[in-house]
2 protein chains.
Amino acid sequence: MDKQLLKIVKIGGNIINDEGALISFLKDFTELDAPKILVHGGGKRATEISEAMGLEPKMIAGRRVTDEATLEVVTMVYAGLLNKKITAQLQKMKCNALGLSGADANCILAHKRIVAEVDYGFAGDVDAINSGFIKVLLQNNITPVFCAITHDKNGQLLNTNADTIASEMAIAMSDFYEVQLNYVFELKGVLENIANKNSVIQHINLNKYERLIEDGIISEGMIPKLHNCFNALKRGVQKVNIGDASLIQKTTILFTELSLK
Amino acid sequence: MDKQLLKIVKIGGNIINDEGALISFLKDFTELDAPKILVHGGGKRATEISEAMGLEPKMIAGRRVTDEATLEVVTMVYAGLLNKKITAQLQKMKCNALGLSGADANCILAHKRIVAEVDYGFAGDVDAINSGFIKVLLQNNITPVFCAITHDKNGQLLNTNADTIASEMAIAMSDFYEVQLNYVFELKGVLENIANKNSVIQHINLNKYERLIEDGIISEGMIPKLHNCFNALKRGVQKVNIGDASLIQKTTILFTELSLK
């Protein structure tokens, strides 16, 4: 029997920071006809609240580190304020949303990142997704909305990359569904020339991805995003797309589609 | 067929404010052998964070009002920080907890409180509990953990009394379960004499409750709590108890048991 389609959409700070853009995106998201999951990143509110509380960003060797005070703020802002505001908006739009962190029902198990010489603080790398429970939610017509806070099942919450959560979730859910993973961000897709917003590379396969890195065409921030995309494709996800919010409306043909071959 | 037992426990700020007391309570809660639901109040963290952000408590006619800035803080602290910390701790203790606000899966629908002459700001009164979905969670061996944030299904989050949430939830769940509702707070029970911490009134029925109010024995804060208790008993809840954390351990016989007759 063919598997049912599941759409996973990840949104970043650019949409979250702009209330009008967020409402408009959520309307389009609500209208997706397949079972769906939303994964959201952070945005500038956490920085604003840290500043209002007089916290200084902690940097070690040029890297931003999630210290305990920062973890408290991102837990409050991502799992509390943003996640519940998005959930309440989706409920208004008659989408039966349920906001979740990775600790809830052990949905996303992670471990504190340990890399020789560098302490990343309370940053987590994903170990496992509770896909069985997420399937129960989808079967009850619930739309899970994940923030990027996970836990280690030892009582510790962890700040985790939202792109990675979306990709690991897509991989885990592909046991049950044909999964389409969509990364929505500020650009129309992966660009050939960063100065030209319309120079979207419409199709990237694994060979081309490696060439783009060699040629220095894709930039630093794009490399981990594309790594997440190809990791998903290699591990069973059917389709991965990158684009701006119009990707969800399907009013655009300008976005980047990724495939292994 | 006899209904299965469901235990609902509400904890207040006194336990949440003391990390040792909270961990100890959560251990006892985990060991409850029946399906269970936790409802938690706020505590002083929201006030501390408001102060750190330089927000002034808004008072109108001597009443604390939930203005927009306060709603943001309580949403962050209750639904984010406290709810996820409690959930992560319960997960560590092998209790499959799921943290929820009232917006999540439309679990608690409320409306903005409107009382002639007094604007309470973003304070919500409970209209309905999504008992069907909560039952699905319990049947999947999930322990729901509710914070006291609700929504109006029109996109507005609302700050709601945690005692009332516990009582309305107990009433709604009594369609499916034999419900025991436990209010855990700083005292051993309802006191005959507020100066004597051991003067617990061990049993209060509806007649005695009315006499206690008439005689001025129960204090201002206790009246709405007892109102919630008797409301629950009148509307199908089997048992209601009030006491300190030892109520859950069952190491005490000193607590207040409430009944209609």
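A.B. asks: Can you walk me through the packing of helix α6 (residues 162–173) of chain A against helix α8 (residues 222–234) of chain A in this structure?
C.D. replies: Helix-helix packing is characterised by the crossing angle of the two axes and by the distance between the axes. Residues and elements named next belong to chain A. Where α6 contacts α8, the two axes come as close as 9 Å, and the packing angle between them is 5 degrees. As far as their axial angle goes, α8 and α6 are roughly parallel. On the side of α6, the interface is formed by Asp163, Thr164, Ser167, Glu168 and Ile171, while α8 contributes Lys225, Asn228, Asn231 and Ala232. Here the contact of α6 with α8 is built from residues that sort into 2 nonpolar, 4 polar and 3 charged.

A.B. asks: Could you clarify how one ought to interpret the interface of chain B and chain A in this entry?
C.D. replies: A common way to express how large an interface is: the accessible area buried when the components associate. Contact with chain B, which involves 39 residues of that partner, is made by 39 residues of chain A. Each partner contributes to the roughly 3,200 Å² buried at the junction of chain B and chain A, and carbon and sulfur atoms together form 64% of this total. Ranking the residues of chain B by area buried against chain A places B:Glu72, B:Met76 and B:Lys84 at the top, with a combined share of 18%. At the boundary of chain B and chain A, one finds 6 salt bridges. Two residues, B:Lys85 and A:Glu72, come together in a salt bridge whose shortest N-O distance is 3.1 Å. Applying the counting rule to chain B against chain A returns 14 residue pairs in polar contact (both at pLDDT 80 or more).

A.B. asks: Would you mind going over the pattern of salt bridges with me for this structure?
C.D. replies: Pairing between side chains becomes possible if they bear opposite charge and their charged atoms approach one another. The full count for this structure, using the stated rule, is 16 salt bridges over all chains. When the shortest N-O distance is used, the salt bridge between B:Lys10 and B:Asp163 registers 2.8 Å. Of the two residues, B:Lys10 sits in strand β1 (residues 4–11) while B:Asp163 sits in helix α6 (residues 162–173), which places them 153 residues apart along the sequence. Classification of B:Asp163 as buried rests on a relative accessible area of 10%. Each member of the salt-bridge network shares a partner with another, and the members are A:Arg45, A:Glu48, A:Lys85 and B:Glu72.

A.B. asks: In this structure, what is going on with the sheet that holds strand β12 (residues 203–204) of chain A? I would like to understand it.
C.D. replies: Residues and elements named next belong to chain A. The 8 strands lie next to each other as β5-β8-β2-β1-β11-β13-β14-β12, forming an open sheet whose pairing is mixed. Two strands close off the open sheet at either side, each with one partner strand: β5 (97–100) and β12. Note: strand β11 (residues 177–184) against strand β13 (residues 239–243), 5 bridges, orientation parallel. Its bridge partner lying in β13, Asn182 is registered against Asn241.

A.B. asks: Can you help me understand the nonpolar core in this one?
C.D. replies: Across soluble globular proteins, nonpolar side chains show a tendency to be buried alongside one another. With 100 residues, the main nonpolar core has A:Ile37, A:Met169, B:Ile37 and B:Met169 as its most contacted residues. Apart from residues no more than four positions distant in its own chain, B:Met169 is found in contact with B:Ile8, B:Ile37, B:Ile108, B:Ile129, B:Ile134 and B:Phe146. One finds A:Phe25, A:Leu157, B:Phe25 and B:Cys147 within the second-largest nonpolar core, a separate group that totals 79 residues.

A.B. asks: Any chance you could explain the sheet that holds strand β12 (residues 203–204) of chain B here in plain terms?
C.D. replies: Backbone hydrogen bonds are what pair the strands of a sheet, in a parallel or an antiparallel way. Residues and elements named next belong to chain B. The strand order β5-β8-β2-β1-β11-β13-β14-β12 describes an open sheet built from 8 strands, whose pairing is mixed. Each having just a single partner strand, β5 (97–100) and β12 make up the two edges of the open sheet. Lying on the sheet, helix α2 (residues 19–30) is in contact with β1, β2 (36–40), β8 (143–146) and β11 (177–184); it crosses β2 at an angle near 160 degrees. Packing against the sheet, helix α8 (residues 222–234) makes contact with β1, β11, β12, β13 (239–243) and β14 (256–258), and its axis sits at approximately 160 degrees to β13.

A.B. asks: What should I look at first to understand the pairing of β11(B) in this one?
C.D. replies: A regular strand places its side chains so that they alternate between the two faces of the sheet. Residues and elements named next belong to chain B. Most of β11 sits inside the fold, with 7 of its 8 residues counted as buried. Examined bridge by bridge, β1 and β11 share 8 bridges and lie parallel to one another. Directly across from Lys7, in β11, lies its bridge partner Gln180.

A.B. asks: Help me understand the relation of the copies chain B and chain A, please; the structure alone is not making it clear to me.
C.D. replies: Rotating chain B by 180 degrees and moving it 0.0 Å along the rotation axis overlays it on chain A with an RMSD of 0.0 Å. Here the two chains are linked by the operation of a two-fold rotation axis. If distances are taken from each C-alpha of chain B to the rotation axis, the shortest is found for B:Gly80, at 1.8 Å. When the interface residues of chain B are mapped onto chain A, 100% of them are again interface residues, pointing to one common binding face.

A.B. asks: Even after reading the chapter, I still don't get the packing of helix α5 (residues 131–139) of chain B against α6(B), so can you show me in this structure?
C.D. replies: Residue and element names in this part refer to chain B. Two elements in contact, α5 and α6, have axes separated by 10 Å at closest approach and are oriented at 80 degrees. Here α6 runs roughly perpendicular to α5, going by the angle between their axes. Contacts between α5 and α6 involve Ser131, Ile134, Lys135 and Leu138 from the first element and Met169, Ala172 and Met173 from the second. For the contact of α5 with α6, a count of residues per class yields 5 nonpolar, 1 polar and 1 charged.

Basis of the calculations
Residues numbered from 1 in each chain as written. Chains lettered and ligands numbered in written order. Predicted model: local features only at pLDDT ≥ 70, side-chain atom pairs only at ≥ 80, totals over all residues. Heavy atoms only, no water. Axes fitted to C-alpha atoms, helices over the stretch in contact; angles between N-to-C directions. Helix = DSSP H or I, 4+ residues; strand = E, 2+ residues; numbered from the N terminus. Parallel < 35°, antiparallel > 145°, perpendicular 65-115°, else oblique. Contact = heavy atoms within 4.5 Å. Nonpolar A, V, L, I, M, F, W, Y, C, P; charged D, E, K, R; others polar. Buried area = accessible area lost by both parts, 1.4 Å probe. Salt bridge = Lys/Arg side-chain N within 4 Å of Asp/Glu carboxyl O. Polar contact = N/O pair within 3.5 Å; in protein donor to acceptor, adjacent residues only side chain to side chain. Buried < 20%, exposed > 50% of the residue type's maximum accessible area, 1.4 Å probe, protein only. Pairing = 2+ DSSP bridges. Core = buried A, V, L, I, M, F, W, Y, C linked by side-chain atoms within 4.5 Å. Least-squares fit on C-alpha atoms with pLDDT ≥ 70 in both.

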